[in-house]
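An overview of the molecular structure
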Amino acid sequence: MTTTLRPCGPLRHSDDGARSRPYEVRVNSRRVGALTIASDTPFGPTVGEIRDLAVDERDRRRGRATVAALAAEEVLRGWGCRRVRITVPADSAGGLRLAAALGYTEHSRTMAKELPAGPPALAGGTAGRPMTPAEYEVWLARAVEGYERSWIARGMSPAAARAKSRTDHARQLPQGLDTPGVYLRVLEADGVPVGQVWLAARDPQEGGAAFVFDVEVAGEHRGRGHGRGLMLLAERTALAAGHRRLGLHVFADNTPARRLYESLGYVTTDVHCAKDLI
């Protein structure tokens, strides 16, 4: 039997140059699964994605997913892509094995925590408060610049990274400090600001979840446990706003941050991987 991909929808083009198309995974004429192939616009037309690859239960463990993924990579090569990205649910042991076998390596992960019924206590001498308008202006300029640098480090061109950082911050913070569902909090130690955290509500359909977009301890105050304090402040803020789940994103090479999140009870929900197309 031959495993192939068959388009099951039109090839879609967006104004910014992105394209995507859904496919069925077939064994001869029988449908056994599906996936979507897309170009990943933030990184430009040379980076693609394989999304939502799934094979029906009765056809698993027969190499169908492997053949489908390799066929999808060939489609991306035909589109001129030189790198491919995938996201694998952390509880998909088979998906993680497949990614490793095909040469994908982790670049980041999404983590989440079910929050306790009551707010966690902050360390003695520390307290949280809302960010002031003056602090917001300074923080925003630094956040936009830092986010831009992070995308450049991940392979995006400086011009594209600059545009993405400005666009993303404008979209997430259209009304600045007054943006509904957005919480910007400052942690103080003995009355001195030592860092800040930015979290926001996610889609209501996600069950009242909130997400940490940025957390930073001021350079001169690092190494004193304030990162943990900021995360506890984020949990307190989320609970006060009625959220029962808190998520975040962490890069694979940021081992100290990942260890901190794990020590606080965060678990990995999705693993984001990539590889070069030779």
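Preceding block: the structure.
Because the structure is a prediction, the values reported are computed rather than measured.

With respect to helix α3 (residues 133–153)
Compared with the 30 Å implied by 1.5 Å per residue over 21 residues, the 30 Å span of α3 between its first and last C-alpha is a close match. If you check which residues of α3 are buried, you get Y136, W139, A143, V144, E148 and W151. In this structure, the buried side of α3 is in contact with α4 (158–172), β9 (182–189), β10 (192–201) and β11 (209–217). Just past α3, the residue G155 takes up positive phi, approximately 105 degrees.

What about the packing of aromatic side chains?
Scanning the model with the defined rule gives six aromatic pairs in all. Here W139 and W198 contribute two aromatic rings whose centre-to-centre distance is 5.4 Å and whose plane-to-plane angle is 85 degrees, an arrangement assigned as edge-to-face. Separated by 59 residues along the polypeptide, W139 in helix α3 and W198 in strand β10 bring together distant segments of the chain. Given the relative accessible area of 2%, W139 is considered buried. Where F211 meets F213, the ring centres are 5.5 Å apart and the plane angle is 65 degrees; that geometry is what we call edge-to-face. With relative accessibility at 12%, the residue F211 sits in the buried group. By relative accessible area, F213 is classed as partly exposed at 32%. A network of ring pairs unites the aromatic residues Y136, W139, W198, F211 and F213 as a single cluster.

Details of the environment of T66
Mapped onto the elements of the fold, T66 is located in helix α1 (residues 64–78). The partly exposed category is assigned to T66, whose relative accessible area is 29%. Considered as a pair, T66 and A99 are 33 residues apart in the sequence and their alpha carbons are 9.0 Å apart.

As for the pattern of salt bridges
All chains considered together, the criterion is met by 27 salt bridges. Across the salt bridge formed by D168 and R171, the nearest N and O atoms sit 3.0 Å from each other. Here D168 pairs with R171, and both are found in helix α4, just three residues apart, close to one helical turn. Through salt bridges with shared partners, a single network forms among R30, R58, D59, R62 and R64.

What counts, and where the lines are drawn
- Residues numbered from 1 in each chain as written.
- Predicted model: local features only at pLDDT ≥ 70, side-chain atom pairs only at ≥ 80, totals over all residues.
- Heavy atoms only, no water.
- Helix = DSSP H or I, 4+ residues; strand = E, 2+ residues; numbered from the N terminus.
- Expected span 1.5 Å × (residues − 1).
- Buried < 20%, exposed > 50% of the residue type's maximum accessible area, 1.4 Å probe, protein only.
- Contact = heavy atoms within 4.5 Å.
- Phe/Tyr/Trp six-rings, centres within 6.5 Å; stacked < 30°, edge-to-face > 60°.
- Salt bridge = Lys/Arg side-chain N within 4 Å of Asp/Glu carboxyl O.

So yeah, pure geometry; function would need other evidence.
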